[in-house]
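Architecture and fold: a report
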Amino acid sequence: MATNKLQSKRFKWSLDSSKCSKLSSINESALPAPPAYSTSGVLSSGEVAKKTDASHLIMKKSWEVALAPIKQVPMNLFIMYMAGNSISIFPIMMVGMLFMRPIQALFQLNGTFKTVENSSVIGQKIVYIFGNLVNIGLALYKCQSMGLLPTHSSDWLAFVEPRVRQEYIGGGIMFS
Amino acid sequence: MIATKNFKYIFLIYLFNISYCLYEDQIGKFDWKLNYVGNVKFGTIDSTKRVIVATEENVIASLSLKNGQILWRQVLENPALNQIELLHVDKEVITVSGGKGTWYVRGWDSSSGSLLWEWSFYMENKQRPYWILSKGQLVHIIPVLGSHIEITSYDVHNGRNNGKTMKISTPWVTDLSKCQTAGVYWTCISTNDSSGQLFYTDMLSSANQVRTFPIQSLIGSAPGHIEIKPLESGDSNLFLIRNNVARLLKLQPEAPHVYPYSLSDKAVTAFNGDQTLLLQTIQNSPTNKLTIQTIELQEGTENVFEMDYTNEAGVANIVSAVCKGTACRIFVKSNDNSVSLLQLPGGKVSWTREEGLSQVVAVEFFELPLSELDASIEHEFDSISGDIFSTFYNRIFSQIRQLLVVLSGQQGDSNIGMVRDEFGLHKIIVVVTASGRLYGLDSMSGNIVWSQYLKGVEGFSVLGKLSVPLFVQRSARYSPLMAQCAALMKDKITGHGVMYTFDPITGQSIGNIERLPYQIEQAMLLPYEDDKHMKGLLIMSDNYEVMVYPSSAKPVLLKHASSIFFYTAGSKSKILQGYNLVHSTTDSLKATPTWTLNLGPADLIAVNVRPSSERVHSQGRVLADRSVLYKYVNPNLLAIATLMDDPIHKQVLSIYLVDGVTGLVVYSAAHKRVGKPVHLVHSENWLVYSYYNARFRRMELATVELYEGPTQSNSTSFSSHAVSQLPHPQTQAYIFPGTPLAMLATLTERGITNKHILIALSSGAVTEVPWAFLEPRGPHGTMNMEEGYIPYIPELPIPAEATINYNQSIPQVRGIQVAPARLESTCLVLVYGLDLFYTRVTPSKTFDLLKEDFDHWLIAIVLIGLIVASYITKRLASRKALKLAWK
């Protein structure tokens, strides 16, 4: 009883055209097809077109993803220019962002290209990595121009140990 | 232009403001000051309330009879040139002081010490005059040997000269050691034996009658050397001393009256109503206590009192005494220059003032030992071989002890308080005085912890100053082993060396006072420790033999003989000589001369080396282009200053920096037309010296800084023998608007903190000048400005905020001594002169210490509150979430 009811419930909303042979025969013989309805050949060709379109889209999408870091370069250059070389909280935050974003992006490389799995995206990955490296390079350049990189000998002065003396001296003005 | 100059000054003052200052409630918190009057020369008990003293330090002061505190004190001119010659206490206090022909007569209010009147006069004759003050007349006597005496009398209040200078023919004045003034009389003896004559004449009478009496008729004839001595505070009384026995004479217009008592020459008189009492100390008493004898002059009643006075130095003399009925108060001075007030007939000591501390010649700071508890915890780690159970047992045991100590609330140790504190601020200051007494002072309070008197010794005279070298042979760090310090002095009579080794914490002598059979030429502390952590002391005798004390240090010396060098600078011979010890053998140590430097006709005025414990943290200086200029930090560098008379330039000051190992002159400079005082401060890679510029009549400071260049020739070790090129000096000079009496650079544990130069000024202030202000800018500075760069101003400011002793003037400063605390930011300072002043300085502020007004409670309450609040809100939030889920 319960199963019957469940079935009837399901049938209420589903129309199985294969089961009802009468309807199909009527359909085929008596009634003309609705306008713009073609029963032959369309399905297969449409399926093929749909398939090629998706892969094209994926390619397009993946290239978009791959080129995003490079597209950011002019924007970063502008930010760098605007931030100036003074060392204060906002330029430091900006430099931090400049560093963080490409590094994070490089760590999440596979995650980024997961949406376009099962197709080969090695080229895109290389371009993507290259773009991020360019961004890191820009950040390094910014650090360099801000004087944050320990490239001078004075930056290592604090680690220079006092020299060990080889000789000891004593004495003074004579007492007598 | 003016605007920029002003701006610079404002900038400077701003810099000073951020670096120092003391709040009013911090007065006396980190510092203490002990006031002294000096070595008492004259003293008079003027009433039952106070005693007026005049001292060798050219100080006049009033001490309370009750407790010995200074009621008032007036510091007069420089004691090297001016001395108080006469002290007269009447309704007011009258002093005559001066020297070299200029004399100041002053009247002081005896209760407040304020100056009532003053006049001065100048005499062409530079000879030291004799003074008589009687009935408002000040008589100035200049004897001319074999001919006459010149007498000038003045009205003491206003200096009016009553008549002209009188001349009395006195052909019997042949030797000034045989002449004295006694009351209003000028008196002489003709020969130093019994056959002589006694002459005396009244200086105030116009008759100028000279009386003559044969000494035989006065004190009888007996063989022996006869001397005359006036009586302290006596009227017209005079001692005739023969064979250490003194007879008292009262000089009268007719004939002298001789009292029939045998006295010591140090007796004094005290007035008891209309009676006169004679007081004297008896040296050879059966007990070791001081005994005082009183004699009534008229009746001859003698009394002997035993005093409750124990001072191993012994009493030098009774300065003054006053009696009222049977009760007497006696003001005595000891051989160690301390003064005491004794009471008769009880024999009690009312108070003692350690006036010896006004003549400090050497100072050293010593670290205190760990407390017994801390030491026991340290000992836990001593036994390396201990197994796990014994270590565990030790730990539990010491923790239980710690708990017990905390519960009982005491340290349970005999020397409570004299233990090391967390920051190493509590130290013991060992001080050697000119009188031969050593004191241990608690650096927290200035209290005397111990004192030790050394008999028959004195300091060495180095460049006109007394000096007692102190050597720290072992610090208190090695706990069961005692700290050890050695002081070198010389015997007063033979001049032979005396070595005194002692524990600086307790003052106990280690072994006996070692009297060496030779004179000490120089000494040095060996840099290497033996197996008992003892550093040996290397002493060079007057015939250039080298000795090592203790002998256990000899193998250590021989092991490192190739790296130990020695130098001497002869102030008389004007030759600097360097030695090595390479040729020493186990039998004999040998100092081989390696280099000599002849200073020629120039006088050696100062030699300075860097403090041996100094550490240089930063090895270079960062330039504006972010490259490094490496410092030339040579630990063997000697700074030498010489002064030479010059026919054209009056005096020429020469400064040399000499490598003490090789004798290489690294740097030299000469300043023409300059003079004393010259002070040197040598630290890190720089030298600061002050001199008087006679051309512009001002004091100047000059600085020299040595740099190796942009590269280091050897970055790991420094050897004086490896000289690739001379260092590059940078120099600069500044006008200093003050007269320095002493200069020293601050010293900190690791040398990270900035350096300040402490300068004691003649005005009584001790000021701090940051090294950054004095740093030579040179070509590197002017080319491109560095960060925090202070522009060059020729005249250094002395802002009042930089005075470390705020409003407490320190007169007659003789020296400054510094020591690092274990806190990197802090440097301990003791300024010594007439007074002792101790404080802490923090050149880079207390960067490693929380401020004392830091609110621990607020922080703790806020933190706990936040934690509690976060737990409560967490709970509330979970409840709310649960309720929502049920809806």
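Identification of chain B as ER membrane protein complex subunit 1 from Pyrocoelia pectoralis is taken from an unreviewed UniProt entry. Listed under Subcellular location (unreviewed entry) in UniProt, the entry text for chain B is "Endoplasmic reticulum membrane". What the UniProt record of chain B gives under Subunit (unreviewed entry) is the line "Component of the ER membrane protein complex (EMC)."

Taking an unreviewed UniProt entry as the reference, chain A is identified by name as ER membrane protein complex subunit 4 belonging to Pyrocoelia pectoralis. Under the UniProt heading Subunit (unreviewed entry), the entry covering chain A gives this text: "Component of the ER membrane protein complex (EMC)." UniProt annotates chain A under Sequence similarities (unreviewed entry) with the comment "Belongs to the EMC4 family."

As a further point, take the overall build of chain A. Along the backbone of chain A there are 6 helices and 2 strands. In chain A, the succession of helices and strands from N to C terminus is α-α-α-α-α-α-β-β. A burial count over chain A gives 22% of its 176 residues as buried. A sequence separation of at least 24 residues applies to 73% of the contacts in chain A between residues at least 6 apart.

A disulfide bridge is the covalent bond that connects two cysteines by way of their sulfur atoms. Residues and elements named next belong to chain B. Scanning all chains against the criterion turns up 2 disulfides over all chains. Each sulfur in the disulfide pair cysteine 179 and cysteine 188 lies 1.9 Å from the other. Residues cysteine 179 and cysteine 188 are joined by a disulfide whose S-S torsion is about 110°; by sign, that bridge is right-handed. Exposure remark for cysteine 188: the relative accessible area of 0% places this residue in the buried category.

Residue and element names in this part refer to chain B. A cluster of nonpolar side chains, namely Leu850, Phe854, Ile859, Leu863, Ile864, Val868, Ile872 and Leu876, defines an oily patch on the protein surface of about 740 Å² accessible area. The residue isoleucine 872 is located in helix α8 (residues 856–886) in this model. For isoleucine 872, a relative accessible area of 45% corresponds to the partly exposed category.

A few words on the interface of chain B and chain A. Tallying the contact residues gives 56 residues for chain B and 24 residues for chain A. Buried surface at the junction of chain B and chain A, summed over both partners, amounts to about 3,500 Å²; 55% is from carbon and sulfur atoms. Inspection of the region where chain B meets chain A yields 2 salt bridges. The partner of Arg163(A) in a salt bridge is Glu708(B), with the nearest N and O atoms 2.8 Å apart. Every element with two or more residues in the side of chain B that touches chain A is listed here: β35 (460–462), β41 (520–529), β44 (564–569), β47 (603–609), β48 (620–622), β49 (628–631) and β56 (717–718) of chain B. If one sorts the elements of the side of chain B that touches chain A by residue count, β41(B) sits on top with 7 residues. Among the residues making up the side of chain B that touches chain A, the classes are represented as 24 nonpolar, 25 polar and 7 charged. By the bridge criterion, 2 bridges tie strand β1 (residues 164–165) of chain A to β56(B) in an arrangement that is parallel.

Residues and elements named next belong to chain B. Parsing chain B into structural domains produces domain 1 (272–353), domain 2 (354–371 + 414–516) and domain 3 (518–598). Together domain 2 and domain 3 conceal approximately 1,500 Å² of surface at their shared face, both sides included; 69% is due to carbon and sulfur atoms. A per-residue breakdown of the area domain 2 buries against domain 3 is headed by Phe471, Gln473 and Leu516, which together make up 36% of the total. Viewed at the interface, domain 3 and domain 2 are joined by 0 salt bridges. The interface formed by domain 2 and domain 3 includes 5 residue pairs in polar contact (both at pLDDT 80 or more). Among the elements of the structure, β37 (470–474), β38 (484–491) and β39 (497–502) are those that each provide at least two residues to the side of domain 2 that touches domain 3.

Turning to unusual backbone geometry, a few remarks are in order. Residue and element names in this part refer to chain B. Here the amide bond leading from leucine 344 into proline 345 is cis, since omega sits at 0°, within 30 degrees of zero. On the secondary structure map, proline 345 appears in the loop between β28 (339–344) and β29 (349–353). With an omega dihedral of -10°, the bond running from tyrosine 549 to proline 550 counts as a cis peptide bond. With respect to the secondary-structure elements, proline 550 resides in the loop between β43 (546–549) and α5 (554–559). Of note, the phi angle at asparagine 58 is positive, near 60°, even though the residue is not glycine.

Quick look at the pattern of salt bridges now. Taken as a whole, this structure holds 19 salt bridges over all chains when the rule is applied. For Asp155(A), the salt bridge goes to Arg626(B), with nearest N and O atoms at 3.1 Å. Pair noted here: Asp155(A) is in the loop between α6 (122–146) and β1 and Arg626(B) is in the loop between β48 and β49, and the two residues belong to different chains. Look at Asp155(A) and you get partly exposed, because its relative accessible area is 26%. For Glu700(B), the salt bridge is made with Arg698(B), and the minimal N-O distance between the two is 2.8 Å. A relative accessible area of 7% places Glu700(B) in the buried class.

In this section: the nonpolar core. In a soluble, globular protein the nonpolar side chains are often hidden away together inside. In terms of nonpolar packing, the biggest core is built from 30 residues, with Ile141(B), Ile149(B), Trp186(B), Leu198(B), Met203(B) and Leu240(B) touching the most fellow members. Sorting elements by how many residues they give to this core places strand β15 (residues 185–189) of chain B first, with 4 residues. Setting aside its immediate chain neighbours within four residues, Ile149(B) contacts Ile141(B), Ile142(B), Pro143(B), Val144(B), Met166(B), Lys167(B), Ile168(B), Thr170(B), Val173(B), Trp186(B) and Met203(B). In this structure, Ile173(A), Phe471(B), Phe565(B) and Trp595(B) belong to the second largest nonpolar core, which totals 29 residues.

Glancing now at the sheet that holds strand β27 (residues 327–334) of chain B. All names here are of chain B. Spatially, 4 strands are ordered β26-β27-β28-β29 in an open sheet, and the strand pairing comes out antiparallel. Of all strands in the sheet, those with a lone pairing partner are β26 (315–324) and β29, marking the two edges. Strand-to-strand twist of the sheet, defined as the mean angle between neighbouring strand axes without regard to direction, takes the value 15°. As paired elements, β26 and β27 share 8 bridges and run antiparallel to each other.

For the rest of this paragraph, the subject is the pairing of β29(B). Residue and element names in this part refer to chain B. Here β28 pairs with β29 via 4 bridges, running antiparallel. The residue of β29 that forms the bridge with leucine 341 is tryptophan 351. The turn linking β28 back onto β29 is made up of 4 residues, and glycine 347 within it adopts a positive phi angle of 80°.

A separate point is the sheet that holds strand β12 (residues 148–155) of chain B. Residues and elements named next belong to chain B. The sheet built from 4 strands is open, its strands ordered β10-β11-β12-β13 with antiparallel pairing. Among the strands making up the open sheet, the edge pair consists of β10 (130–134) and β13 (166–169). The average angle at which neighbouring strand axes cross in this sheet is 25°, direction not considered. Two elements, strand β11 (residues 137–144) and β12, share 8 bridges in a ladder whose sense is antiparallel. Bridge pairing in β12 links isoleucine 142 to glutamate 150.

Conventions we followed
Residues numbered from 1 in each chain as written. Chains lettered and ligands numbered in written order. Predicted model: local features only at pLDDT ≥ 70, side-chain atom pairs only at ≥ 80, totals over all residues. Heavy atoms only, no water. UniProt positions renumbered as here; feature names shortened; annotations may be inferred. Helix = DSSP H or I, 4+ residues; strand = E, 2+ residues; numbered from the N terminus. Buried < 20%, exposed > 50% of the residue type's maximum accessible area, 1.4 Å probe, protein only. Contact = heavy atoms within 4.5 Å. Disulfide = S-S within 2.5 Å. Patch = residues over 30% accessible without salt bridge, like charges linked within 9 Å, V, L, I, M, F, W, Y side chains within 5 Å. Areas by Shrake-Rupley, 256 points an atom, 1.4 Å probe, with all protein chains shown as cover. Salt bridge = Lys/Arg side-chain N within 4 Å of Asp/Glu carboxyl O. Buried area = accessible area lost by both parts, 1.4 Å probe. Nonpolar A, V, L, I, M, F, W, Y, C, P; charged D, E, K, R; others polar. Pairing = 2+ DSSP bridges. Domains from an automatic or database assignment. Polar contact = N/O pair within 3.5 Å; in protein donor to acceptor, adjacent residues only side chain to side chain. Core = buried A, V, L, I, M, F, W, Y, C linked by side-chain atoms within 4.5 Å. Axes fitted to C-alpha atoms, helices over the stretch in contact; angles between N-to-C directions.

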